[in-house]
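Next come the chains, spelled out residue by residue.
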Amino acid sequence: MTGSFIDRLLRRLGPSPGRAAGDARSLGALIYRGPAAEPGCPESIGDVLKEVGIDYRFVGPGEKLGLTRAALADAALYVQPGGGEVEECWPLLAPHAPAIRDFVAGGGRYLGVCLGAYLASDDPGFGLLPGRAARYISMRGASIRHPDDAIVTVRWRGRPRQAYFQDGPYFKLKEKPSTQVLGRYPNDAVAAAVCRFGAGRVGVVGPHLEATADWFTDVGIDAPATGALDLACDLLGVLLAPEAEADHAAD
């Protein structure tokens, strides 16, 4: 996609504090990179954003740009990538929770992948979901029962696909017309969804759709013949869709 995608997206989101309507230069994504993210995860998500023509910058400790209200005001999307344990990472991110909640409530978009999806919940987390995220491997009927790297089958828009998985969540969501379920695990638990929060939207996914072939081979797993990058782009498309298209069920 080209700059025209950026222009269309900017018109969809409209003006926000710190961003003038029509100023495409200030539109883009912020990706957290720091001790609450696993090395490689922020960069892989950045590659997906680059593929669909969305500019991004990394934010976090040690980055040129901090995770601040001012930085969020100039962005359309905030991404919380995969990382370590919730209990270890949440104290590092908790101070930023009010700014992130206000950003989404005011019309911004949040994308949470694996750890970032756990943190979209509120136990602990940012409290952005109409429900909660929970550990998939611990639920009844889970197709994977261990916390190690694995391949999970996901029914994406009704079609089975395979993706990289490492102890990701599933989602217990309240039934709302504005909640779109894109992917389900084999036991029918929700694996990926887009929900409303205030004037904004939240996209969450348990598997790592952004994973490339080297993710699998590095841990001694044969990579699936077909990657899941197209599913990551589909999730982004729904998350960033025009308001008129936002509330049509995907599942």
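Rules of the game
- Residues numbered from 1 in each chain as written.
- Predicted model: local features only at pLDDT ≥ 70, side-chain atom pairs only at ≥ 80, totals over all residues.
- Heavy atoms only, no water.
- Helix = DSSP H or I, 4+ residues; strand = E, 2+ residues; numbered from the N terminus.
- Buried < 20%, exposed > 50% of the residue type's maximum accessible area, 1.4 Å probe, protein only.
- Contact = heavy atoms within 4.5 Å.
- Areas by Shrake-Rupley, 256 points an atom, 1.4 Å probe, with all protein chains shown as cover.
- Arc of directions from axis to C-beta.
- pLDDT = per-residue confidence, 0-100.
- Phe/Tyr/Trp six-rings, centres within 6.5 Å; stacked < 30°, edge-to-face > 60°.
- Lys NZ or Arg CZ within 6 Å of the ring centre and 35° of its normal.

## With respect to the overall build of the chain
Scanning the chain for helices and strands turns up eight helices and eleven strands. Counting every position in the chain, which comprises 251 residues, the buried fraction comes to 54%. Within the chain, contacts between residues separated by at least 24 positions form 68% of all contacts whose residues are at least 6 apart in sequence. Counting only carbon and sulfur atoms, one obtains 51% of the accessible surface of the chain, whose full area is about 11100 Å².

## A short note on helix H4 (residues 86–93)
Burial in H4 covers these residues: Val 86, Cys 89, Trp 90 and Leu 93. Buried residues of H4 fall within an arc of 105° about the axis and therefore sit on the same side. In H4, those exposed residues whose orientation departs by more than 90 degrees from the buried face are Glu 87, Glu 88 and Pro 91. Close packing links the buried residues of H4 with strand E1 (29–32), strand E3 (77–80), helix H5 (97–105) and helix H6 (115–118).

## What about the confidence of the model for the chain?
Chain-level pLDDT for the chain is 89 on average; 86% of the residues reach the 70-or-more range. For residues 12–26, every residue scores under 50 in pLDDT, and the model assigns this stretch 27 contacts once sequence neighbours within four places are set aside.

## Describing the packing of aromatic side chains
Across all of its chains, the model carries nine aromatic pairs by this definition. Ring centres 5.8 Å apart and planes at 70° place the aromatic pair Tyr 110 and Phe 126 in the edge-to-face group. Of this pair, Tyr 110 sits in strand E4 (residues 109–113) while Phe 126 sits in the loop between H6 and strand E5 (131–135), and the two are 16 residues apart along the sequence. For the pair formed by Tyr 110 and Phe 126, the shared burial category is buried. For the ring pair Tyr 136 and Tyr 185, a centre distance of 3.9 Å and an interplane angle of 15° mean the geometry is stacked. Here Tyr 185 lies in the loop between strand E9 (180–184) and strand E10 (190–197) and Tyr 136 lies in the loop between E5 and strand E6 (150–156), a separation of 49 residues in the sequence. Among the aromatic residues, those joined into a cluster by ring pairs are Tyr 78, Trp 90, Tyr 110 and Phe 126. The lysine or arginine in question, Arg 33, covers the ring of Phe 58, its NZ or CZ lying 3.8 Å from the ring centre.

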